[in-house]
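What follows is the residue order along each chain.
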Amino acid sequence: MPFEIVEESLDVARDDAIAVLDATRQHAVDRSRFQWLYCDNPDGPAVLWAIRKTETGEMAGFTVALPRRMLVDGQLRHAWNGADFSILPRFRTLGLALKLRRAAKNGVDDQRVDFLYAHPNEKMAVIHAKVGHSPIGEMVRYAKVLRTAPYIQRKVGNNVLATVGGAMLDPLLRIAGAETRHRAKCNTSLMDITNIDERFDKLFANAAPARGVIGVRDSRYLRWRYAENPLETAQVIIAEENGQLCGYLVMTTQQDMGLIKDLFPMDRPEVARDLLATAIRQGRKQGLNSLSFTMLCSNPLVSSLVKFGFRQRSGLSQMYGYAPESSELRATLLDVNAWWLTVGDRDV
């Protein structure tokens, strides 16, 4: 059965793409996600490649690349962040998957962007490797327990024992926690996330690392990624020195778990630790069971997380990247230690 790979406008592909996502995801995908993620990205609209039956035009699957402004050694570059890759079950073959995945690689080779990066699941990692994408490093998840009763309940299956055990253990956790003894060097506070403004532009301009690879975190990107996101509600904790913004932490919640999405800057541990201590206290105040943070394994924030009692958990995945062999950026892009990357830089 012949198929063709075609790059399509978002308006043309919208309904078919949403239908494919609905058929291949455990949760419903609506138009608001499509509009926000694919169309409203301040770095540019998504690029979409579809697999269609040649005779009927039926969409068998598609993938998208999300434009992302990046700094590489302090210079502005343009990348694609590999996102949704979905093929209807009855059409899933290695050949079609390779052709679809190769479309984005060809775009990089044609110099439409400087490079791409992606976070495929285990099955898709094989496809990335076969088309020539290179593994960069592992994404690691660190978590800290805030309330013990849910975990005791899971182990013993007894609500009474879990409640009593939690009442005894939780105060000990708070007393023993590094956040209790931590002496802040900055003023930290919760800020309405809709108030992200030019202060964040100035912070990124002044604090972005001069070496390595980092996604641009200016106010327009942060507002889109977190304040305008229809999929989750985020809160932001800010740190200030002498009345000036010097750092922030973004966190969402999911089923009584706090998920830290981003923390900036990543190379000022005194600021990072003030923000983490505040996030832990805020999580307890909100009755969250745990806090977790996923990032590339080389991220310097790992040491601050460990200091505050976060422990590495399961859920590792591989990050892949691609730049042509002729690219002057290739060596830097494939060096895991060059990346300043958190889960907030991934696809959604």
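Here the structure is shown first, and the text comes after it.
Only a predicted model underlies this, so the values are computations on that prediction, with no experimental measurement involved.

Engineer: Describe the overall build of the chain, with residues and values.
Structural biologist: Helix and strand counts for the chain stand at 12 helices and 14 strands. Principal axes of the C-alpha set define a box for the chain whose edges measure 65 × 50 × 35 Å. The buried share among the 348 residues of the chain stands at 53%. Taking all contacts inside the chain whose residues are at least 6 apart in sequence as the whole, residues at least 24 apart take part in 73%. As displayed, the chain has an accessible area near 16100 Å², and 49% of this comes from carbon and sulfur atoms. The chain carries 45 positive and 40 negative side-chain charges, and their two centres are separated by 8 Å.

Engineer: Now, about the environment of serine 326: what can you tell me, with residues and values included?
Structural biologist: With respect to the helices and strands, the residue serine 326 is situated in the loop between strand E13 (311–322) and helix H12 (330–333). Between the alpha carbons of serine 326 and aspartate 109 there is a distance of 9.6 Å; along the sequence they are 217 residues apart.

Engineer: Got a sec to walk through the packing of aromatic side chains? Specific residues and values, please.
Structural biologist: Two aromatic rings are characterised by how far apart their centres lie and by the angle between their planes. The final tally for this structure, using the stated rule, is 10 aromatic pairs. Note on phenylalanine 115 and tryptophan 339: the rings are 6.2 Å apart at their centroids and 85 degrees apart in plane angle, and the pair reads as edge-to-face. One end of the pair, phenylalanine 115, is in strand E5 (residues 115–118); the other, tryptophan 339, is in strand E14 (residues 339–340), and 224 residues separate them in sequence. Using a relative accessible area of 2% as the deciding quantity, one classes tryptophan 339 as buried. Where phenylalanine 200 meets tyrosine 248, the ring centres are 5.3 Å apart and the plane angle is 55 degrees; that geometry is what we call tilted. Separated by 48 residues along the polypeptide, phenylalanine 200 in helix H8 (residues 198–207) and tyrosine 248 in strand E10 (residues 244–254) bring together distant segments of the chain. Judged by its relative accessible area of 1%, phenylalanine 200 falls in the buried class.

Engineer: Can you tell me about the packing of helix H1 (residues 10–24) against helix H2 (residues 31–39), naming the residues and giving the values?
Structural biologist: Between H1 and H2, the shortest axis-to-axis distance is 11 Å and the interhelical angle comes to 125 degrees. As judged from the angle between their axes, H1 and H2 are oblique. With respect to the hand of their crossing, H1 and H2 are arranged in right-handed fashion. Here Leu10, Arg14, Asp15, Ala17, Ile18 and Leu21 of H1 lie close against H2, whose contacting residues are Arg31, Arg33, Phe34, Gln35, Tyr38 and Cys39. Of the residues assigned to the contact of H1 with H2, the class counts are seven nonpolar, one polar and four charged.

Engineer: Report on the nonpolar core, specifying residues and quantitative values.
Structural biologist: Tyr38, Leu48, Phe62, Trp80, Tyr248 and Leu249 are the most contacted members of the largest nonpolar core, which has 94 residues in total. In this structure, Val72, Ala79, Ile136 and Leu333 belong to the second largest nonpolar core, which totals 16 residues.

Engineer: An account of the side chain of threonine 294 is needed here, citing residue identities and associated values.
Structural biologist: Looking at the secondary structure, you find threonine 294 in strand E12 (residues 290–296). By relative accessible area, which is 15% here, threonine 294 ends up buried. Not counting residues within four places of it along the chain, the set of residues in contact with threonine 294 comprises Met139, Val140, Arg141, Ile260, Thr342 and Val343.

Engineer: So what's going on with the pairing of E10? Which residues, and what values?
Structural biologist: The buried fraction of E10 is high, at eight of 11 residues. Taken together, the eight bridges between strand E9 (residues 234–241) and E10 define a ladder with antiparallel strand orientation. Looking at the pairing, alanine 239 lines up with glycine 247 of E10. If you look at the hairpin formed by E9 and E10, you'll find two residues sitting between the two strands, and asparagine 242 has a positive phi there, around 50 degrees. Two strands pair when backbone bridges link them, and E10 and strand E11 (residues 257–264) are joined in this way by seven bridges, in the antiparallel orientation. What sits directly across from valine 250, in E11, is aspartate 262. Taking the residues between adjacent antiparallel strands as the criterion, E10 and E11 are bridged by two residues, where glutamine 255 takes a positive phi near 50 degrees.

Rules used throughout
- Residues numbered from 1 in each chain as written.
- Predicted model: local features only at pLDDT ≥ 70, side-chain atom pairs only at ≥ 80, totals over all residues.
- Heavy atoms only, no water.
- Helix = DSSP H or I, 4+ residues; strand = E, 2+ residues; numbered from the N terminus.
- Buried < 20%, exposed > 50% of the residue type's maximum accessible area, 1.4 Å probe, protein only.
- Contact = heavy atoms within 4.5 Å.
- Areas by Shrake-Rupley, 256 points an atom, 1.4 Å probe, with all protein chains shown as cover.
- Lys, Arg positive; Asp, Glu negative; His and termini not counted.
- Charge placed at Lys NZ, Arg CZ, Asp CG, Glu CD.
- Phe/Tyr/Trp six-rings, centres within 6.5 Å; stacked < 30°, edge-to-face > 60°.
- Axes fitted to C-alpha atoms, helices over the stretch in contact; angles between N-to-C directions.
- Parallel < 35°, antiparallel > 145°, perpendicular 65-115°, else oblique.
- Left-handed = near helix turned anticlockwise from the far one by under 90°.
- Nonpolar A, V, L, I, M, F, W, Y, C, P; charged D, E, K, R; others polar.
- Core = buried A, V, L, I, M, F, W, Y, C linked by side-chain atoms within 4.5 Å.
- Pairing = 2+ DSSP bridges.

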